[in-house]
Amino acid sequence: MSQSAPDGCPVSNLDPFDEAVLRDPYVHHAELRDAGSVVWFDKYDLIGMARHGDVREALSNWETYCSGRGVGLTDFAKEEPWRPPSIILEADPPLHTRTRGVLSRALSAAEIDRFSDTFRQKADALVSELLNRDVEGIADIAEAYPLSVFPDAVGLVSSGRENLLPYGSMAFNAFGPRNALFEEAFANAQPVAEWIGAQCQREALAEGCIGRNVFLSADDGEVSEDEAALLVRSLLTAGLDTTVHGTGAMLLAFASHPDQWQVLKEDPRVIRNAFNEVLRFYSPVQTFMRTTTREVNVGEVILPEGQKVVLFLAAANRDPRAWDNPDDFDVRRRNVGHVAFGHGIHVCVGQTLARMEIQALIAALVDRVEQIELVGHPQWRLNNTLRGLSQIPIRLRG
Ligand code: EJD
């Protein structure tokens, strides 16, 4: 601790990146929400927000809560980031507006629709292969399925794809403090980062695929060749670990709520809402940060300029101020307004792709599987930003 809490701000001694807290965050989220609109984390000179209304307000107000100083603990105005900053995630308008336009086009519904039949075929084939067998839900489904569709959609070469998940683990751990989780993720960083860097070049990407299409915006003069490569790096950073965690959360949700699986069986039109509910309920992306660009009042508390603020997306998604019975997993509930994909100008630009991927898998499962049966104990995989499983032993009962 070097600074002190703003006047009138509740203080927390919690380390939100402690392994016990990451494993079992909900009781702590309730305490943070109840403490006030903002809390001060002594350990990190950090402000936190955990209420749905406050988190949404901060995400909406990009002029006051900026991204250009990084969306993790490292303040890029004061410390060196671990890699050149992302020109979309870690950027503000006007740069963000330009780069966002490029990725919006590359990831538009029209572009993504081209992959829908392939996604469904891959999902059907996987479900047939695994039906009525004991499977390890994370390795065999949550990792295997996104790995069977996403790298091909981006246009990556086959060799070296095993670097994708380790790179994501590095990036998402790097938003947190330099703790043991960070050190472990970065133990073999150099070859992983080198492979990723090489795949971001135009010539490395297959013609007609999403990654290569980013370079069409370089041909149009909208971005430079180097900027296009950095935007492909964003696809590779953000596009795989997130869907792996989302798929794992889906398996856990239905394995532990078999009655909710029956609702989907009876009415597959619920699939889209059910996937939103999985995201609201588990929030694979638990936290994200912003930095204040000016002094700002939040209720009674005045935050100074240059203050890092951690937004607890997962806590907002279970805030009883916003949701009835927030700890119930209910695939039929009205769940619009969840912040699992963020909110405002930085809201997930890849969500059409993420949704299409995972909804194709859910549809394939709904067609063939009577019950997703839990046959052992799920194990959590800890990360400074993402919350998900390393293992979930299940049986797809057909
Ligand atoms: C992200 C929460 C990048 C990048 C973009 C988005 C994420 C990570 C990295 C996905 C954050 O531009 O490199 S979910």
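Up top you'll find the structure we're talking about.
It should be emphasised that the depicted structure is a prediction, and the values quoted were computed from it without experimental measurement.

A.B. asks: Would you mind showing me how to read the site of the ligand here?
C.D. replies: Residues in contact with the ligand, as listed here, are Arg 83, Ser 86, Ile 88, Leu 89, Phe 172, Ser 234, Thr 237, Ala 238, Thr 242, Val 285 and Phe 288. Between the ligand and the protein, one listed contact pairs an oxygen atom with a side-chain N or O atom of Arg 83 at 2.8 Å. Measuring from an oxygen atom of the ligand, one finds a side-chain N or O atom of Ser 86 at 2.6 Å. In isolation the ligand exposes 360 Å². Once the protein is present, 84% of that is buried.

A.B. asks: Explain helix H2 (residues 26-35) here, please?
C.D. replies: A turn of α-helix holds 3.6 residues, and therefore any two residues three or four places apart point the same way. Within H2, burial applies to His 28, His 29, Leu 32 and Arg 33. On an axial view of H2, the arc spanned by its buried residues comes to 135 degrees, and they lie on one face. Across from the buried face of H2, at angles greater than 90 degrees, the exposed residues are Glu 31 and Asp 34.

A.B. asks: I keep staring at the sheet that holds strand E1 (residues 11-12) and nothing clicks. Help me out?
C.D. replies: Through backbone hydrogen bonds, the strands of a sheet pair up, either in parallel or in antiparallel fashion. In spatial order, the strands read E1-E2-E3-E9-E6-E4; together these six strands make up an open sheet with mixed pairing. Both outer strands of the open sheet, E1 and strand E4 (65-66), are each paired with one neighbouring strand and no more. Bridge analysis of strand E6 (residues 287-292) against strand E9 (residues 308-312) gives five bridges, and the strand direction is antiparallel. Bridge pairing in E9 places Thr 291 opposite Lys 308. Strands in contact with H2 are E1, strand E2 (39-41) and E9; relative to E2, the strand with the most contacts, it is inclined by about 125 degrees. This element, helix H3 (residues 52-60), spans strand E3 (46-49), E4, E6 and E9 of the sheet and lies at about 125 degrees to E9.

A.B. asks: Explain the packing of helix H14 (residues 241-256) against helix H18 (residues 351-368) here, please?
C.D. replies: To describe two helices that pack against each other, one gives the angle between their axes and the distance between the axes. Where H14 contacts H18, the two axes come as close as 10 Å, and the packing angle between them is 30 degrees. In this view, H14 runs roughly parallel relative to H18, as classed from their interaxial angle. The element H14 and its partner H18 pack so that their crossing is right-handed. Residues Thr 243, Gly 246, Thr 247 and Met 250 of H14 touch H18, and the partners they reach there are Ala 354, Glu 357, Ile 358, Leu 361, Ile 362 and Leu 365. Grouping the constituent residues of the contact of H14 with H18 by class yields six nonpolar, three polar and one charged.

A.B. asks: Would you explain the sheet that holds strand E5 (residues 134-136) in this entry?
C.D. replies: In spatial order, the strands read E5-E13-E10; together these three strands make up an open sheet with antiparallel pairing. Strands at the two margins of the open sheet, each flanked by one partner only, are E5 and strand E10 (371-374). Pairwise comparison of adjacent strand axes, ignoring direction, gives a mean angle of 35 degrees for this sheet. Bridging between E10 and strand E13 (residues 393-397) involves four bridges; their strand directions are antiparallel. Within E13, the residue paired with Leu 374 across the bridge is Ile 394.

A.B. asks: How should I be thinking about the environment of Pro 93 in this particular structure?
C.D. replies: Residue position: Pro 93 is located in the loop between E4 and helix H4 (95-106). Measuring from C-alpha to C-alpha, the distance between Pro 93 and Leu 165 comes to 30 Å, with 72 residues separating the pair along the chain. Look past the residues within four positions of Pro 93 in its chain and what remains in contact with it is Trp 62 and Ile 345.

A.B. asks: I tried to follow the environment of Leu 131 on my own but got confused; where do I start?
C.D. replies: Inspection of the secondary structure assignment puts Leu 131 in the loop between helix H6 (116-130) and E5. Taking the C-alpha atoms as reference, Leu 131 lies 6.2 Å from Gly 398; in sequence the two are 267 residues apart. Look past the residues within four positions of Leu 131 in its chain and what remains in contact with it is Arg 368, Val 369, Leu 396 and Gly 398.

A.B. asks: I keep staring at unusual backbone geometry and nothing clicks. Help me out?
C.D. replies: A negative phi angle is the norm for most residues apart from glycine, just as the trans form is the norm for most peptide bonds. Going from Pro 93 to Pro 94, the amide bond is cis rather than trans, its omega being 5 degrees. The residue Pro 94 is located in the loop between E4 and H4 in this model. For Asp 45, which is not a glycine, the phi torsion comes out positive at approximately 50 degrees. Structurally, the position occupied by Asp 45 is in the loop between E2 and E3. Positive phi outside glycine occurs at Ser 283, with the angle close to 40 degrees. Looking at the element boundaries, Ser 283 is found in the loop between helix H16 (271-282) and E6. Owing to a relative accessible area of 0%, Ser 283 belongs among the buried residues under this scheme.

Reading guide: rules and limits
Residues numbered from 1 in each chain as written. Predicted model: local features only at pLDDT ≥ 70, side-chain atom pairs only at ≥ 80, totals over all residues. Heavy atoms only, no water. Near = heavy atom within 4 Å. Polar contact = N/O pair within 3.5 Å; in protein donor to acceptor, adjacent residues only side chain to side chain. Areas by Shrake-Rupley, 256 points an atom, 1.4 Å probe, with all protein chains shown as cover. Buried < 20%, exposed > 50% of the residue type's maximum accessible area, 1.4 Å probe, protein only. Helix = DSSP H or I, 4+ residues; strand = E, 2+ residues; numbered from the N terminus. Arc of directions from axis to C-beta. Pairing = 2+ DSSP bridges. Contact = heavy atoms within 4.5 Å. Axes fitted to C-alpha atoms, helices over the stretch in contact; angles between N-to-C directions. Parallel < 35°, antiparallel > 145°, perpendicular 65-115°, else oblique. Left-handed = near helix turned anticlockwise from the far one by under 90°. Nonpolar A, V, L, I, M, F, W, Y, C, P; charged D, E, K, R; others polar.

In short, geometric facts, not functional conclusions.
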